Amino acid sequence: MMPGIEDLYQEIILTHYKAPKHRGTLADPTVSVTQNNPMCGDEIRVDVRLEDGRIADLAHSGQGCSISQSAASMMSEQMVGRTPGEALESIEAFRRVMHGDPAPDDVELGDAEALSGVARFPARVKCALLAWMALKDALQSVDDPKEATGGRSD
Amino acid sequence: MTGAGFDARAVRADVPILAEADAAGRPLAYLDSAATSQKPAAVLAAMDAYYREANANVHRGVYALAAEATERFEAGRASVARLVGSRPEATVFAKNASEAVNVVAYAWGLRNLRAGDVVVVTEMEHHSNIVPWQIVAGLTGARVEFVPVVDDGVLDLAVLERLLATEPVRMVGVVHVSNVLGTINPVAAITRMARDAGALSLVDASQSVPHMPVVFDDVGADFMVFTGHKMLGPTGIGVLAARRDALDAMEPFLGGGEMIRDVRTDGSTWADIPHRFEAGTPPIAEAVGIGAAAEYLMALGMENVRAHETALTGRVLDVLGAVEGIAVYGPRDVARRGSPVSFSLPDIHPHDLAQLVDRDGVCVRAGHHCAKPLMRSLGVPATTRASAYVYTTPDDVDRLGAAIASARAFMGVA
Ligand SMILES: Cc1ncc(COP(=O)(O)O)c(C=O)c1O
């Protein structure tokens, strides 16, 4: 059976797309990472401000389709207030969901659970992961912000 | 609506993937032929027959079967050469258009470019006519300069003229028909400008040879490349058509079997063209397939193909032009363009649009179309592209219009 379009474009996804949360840039980010999707040329920048060992604020900017933009919005909403360790755990869980595995019970993905249907559209998995991988890159590079390359130079 | 004897419906019936979808009541509006074309049964049958009736390695075989394989392989080359008016011995098979450019970049460029030399390409090239030159420039110290795209998607030839007058330009690479804008570039004039300035030229005919009459001598290039899978043929085979003396002056690109005259422990000598540039067992069935595709196109008549596509492209421009807020790229005048038409909607990302129209059996491409410098110059990360071919019908185009309307309704922007 071909997956139906409603598996992909759930109401909540379109809601985030039309009114994205945490859209923009931060004035004083601890780290900022840009990721691009080589398939479509879309580019997302994620700014993170860390305070007292937690993600105090997050923002995302750039261009993208409804899947990449809503995934960035959902991610930002979920991640504020978490420690980098907790955030990385969620990112890993989300990555697994995008590859068709179930989410671990103990990880809260919030609205992003609605993106699970994307796993059935292989061409769109990269779109959903774009912001999440940017955040992962950002958090892993926090010890040495200059290391935040965005994964690719283009 | 089109030239005498040309009937897109009949072509469609010849193409199993489309005929079967039609028969099943789920017709495909396949509007992505600029990425790859569908294949007529005659092409598939020729390849199948080769494996069933004549499979053996080509060249050197003494037995009859090997002679038959060689004959079918070389007949494929002869058909392709006849389609574009090149000389069979100066018609080299490569894996695809990209590899054909690499043959020139490495076999000619690596040996002839010097530090400070300039290779000129255009901002509307496919990556396959940019990246090989950048790599070879990096190895030789040469520079790559770009001719910009201006106005409604045409080349700024004044810049080319200035570069040729003021820089040590050794090679000019230009796409015949842009795979994004559809623009038909004045390649005969450009190759003449290059020659007058003492430079060689390479024309990327990947989007022209399948769609319109192209005569190698009229193009006037030293090298011309195109690719089997966009011209009703199989993947895995591309073509480098060349001026005989330019090719004959070149050392090989890849070394191995087939391409040698003699191999000794103290060195080797090379086979004559075209085999000098075809190291190893070639894609034999694919050569048979591209030959069958060339024959199929010649039977349709390239003038008829062009007339059919011109009419359909006009319809695509009309259908798209009626969409509120749309930006359509490339020349408006169908006489100045080929079939790829790229566009952007203000409120729907190309990826979303391509996904949504797929619901209605409409196949269009979304992305940068391997032309990122052009995307930057257009100021967009991606576009949606519709492209017609010999089996495309007016109904396919109308279905694109309807599918866009329903996508806009879905996204709440209608
Ligand atoms: C203008 C142009 N040049 C070159 C190519 C590359 O063809 P291939 O991928 O077969 O090497 C394409 C196709 O994508 C094209 O549209």
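Since the structure is predicted, the reported quantities are computational estimates derived from the model, not experimental observations. (Residues numbered from 1 in each chain as written. Chains lettered and ligands numbered in written order. Predicted model: local features only at pLDDT ≥ 70, side-chain atom pairs only at ≥ 80, totals over all residues. Heavy atoms only, no water.)

1. Quick notes on the interface of chain B and chain A
Tallying the contact residues gives 16 residues for chain B and 21 residues for chain A. Here chain B and chain A share an interface that buries about 1,500 Å² over both sides, 54% of which is from carbon and sulfur atoms. At the surface where chain B touches chain A, the tally comes to one salt bridge. Across the pair Asp352 of chain B and Arg124 of chain A runs a salt bridge whose closest N-O atoms are separated by 3.0 Å. Counting the contacts that link chain B with chain A gives seven residue pairs in polar contact (both at pLDDT 80 or more). Here the side of chain B that touches chain A gets four residues from one element, more than from any other, and that element is helix 13 (residues 350-358) of chain B. Here the residues of the side of chain B that touches chain A sort into five nonpolar, six polar and five charged. (Contact = heavy atoms within 4.5 Å. Buried area = accessible area lost by both parts, 1.4 Å probe. Salt bridge = Lys/Arg side-chain N within 4 Å of Asp/Glu carboxyl O. Polar contact = N/O pair within 3.5 Å; in protein donor to acceptor, adjacent residues only side chain to side chain. Helix = DSSP H or I, 4+ residues; strand = E, 2+ residues; numbered from the N terminus. Nonpolar A, V, L, I, M, F, W, Y, C, P; charged D, E, K, R; others polar.)

2. Quick look at the environment of Ala19 of chain A
You can see Ala19 of chain A is positioned in the loop between helix 2 (11-18) and strand 1 (31-36). A C-alpha to C-alpha distance of 22 Å links Ala19 of chain A and Phe94 of chain A, two positions 75 residues apart in sequence.

3. Looking at the site of the ligand
All names here are of chain B. For the ligand, the set of nearby residues contains 13 residues, the closest of which are Ser98, Asp204, Gln207, Thr227 and Lys230. Thr227 places a polar side-chain atom, nitrogen or oxygen, 2.7 Å from an oxygen atom of the ligand. Interatomic distance of 2.7 Å between a side-chain N/O atom of Lys230 and an oxygen atom of the ligand. In terms of residue class, the shell around the ligand is built from two nonpolar, nine polar and two charged. (Near = heavy atom within 4 Å.)

4. As for the domain arrangement of chain B
Residues and elements named next belong to chain B. Split into domains, chain B comes out as domain 1 (8-37 + 301-410) and domain 2 (45-298). Each of domain 1 and domain 2 has a C-alpha centre, and the two are 27 Å apart. With 39 residues of domain 1 in contact, the opposing surface of domain 2 contributes 33 residues. The tally of links from domain 1 across to domain 2 stands at one salt bridge. Remark: the boundary between domain 1 and domain 2 carries 23 residue pairs in polar contact (both at pLDDT 80 or more). At the level of elements, helix 1 (8-14), helix 12 (302-321), strand 14 (341-344) and helix 14 (372-378) are the ones that each hand at least two residues to the side of domain 1 that touches domain 2. Ranked by residues supplied to the side of domain 1 that touches domain 2, first place goes to helix 14 with six residues. (Domains from an automatic or database assignment.)

5. Some points on the nonpolar core
Counting residues in hydrophobic clusters, the biggest one holds 77 residues, and the most contacted among them are Val172, Val209, Met224, Met231, Val390 and Tyr391 of chain B. What Val209 of chain B contacts, discounting residues up to four positions off in sequence, is Leu83, Val84, Val214, Met224, Phe226, Met231 and Met302 of chain B. Counting residues in hydrophobic clusters, the runner-up holds 73 residues, among them Val97, Leu109 and Leu129 of chain A together with Ala407 of chain B. (Core = buried A, V, L, I, M, F, W, Y, C linked by side-chain atoms within 4.5 Å. Buried < 20%, exposed > 50% of the residue type's maximum accessible area, 1.4 Å probe, protein only.)

6. As for the pattern of salt bridges
All names here are of chain B. Applying the stated criterion across every chain yields a total of 33 salt bridges over all chains. Here Arg385 makes a salt bridge to Asp32, at a shortest N to O gap of 3.5 Å. Separated by 353 residues along the polypeptide, Arg385 in strand 17 (residues 383-386) and Asp32 in the loop between strand 1 (29-30) and helix 3 (41-53) bring together distant segments of the chain. By relative accessible area, Arg385 is classed as buried at 2%. By sharing partners, the salt bridges in this structure join Arg87, Glu89, Arg244, Asp248 and Arg276 into a single network.

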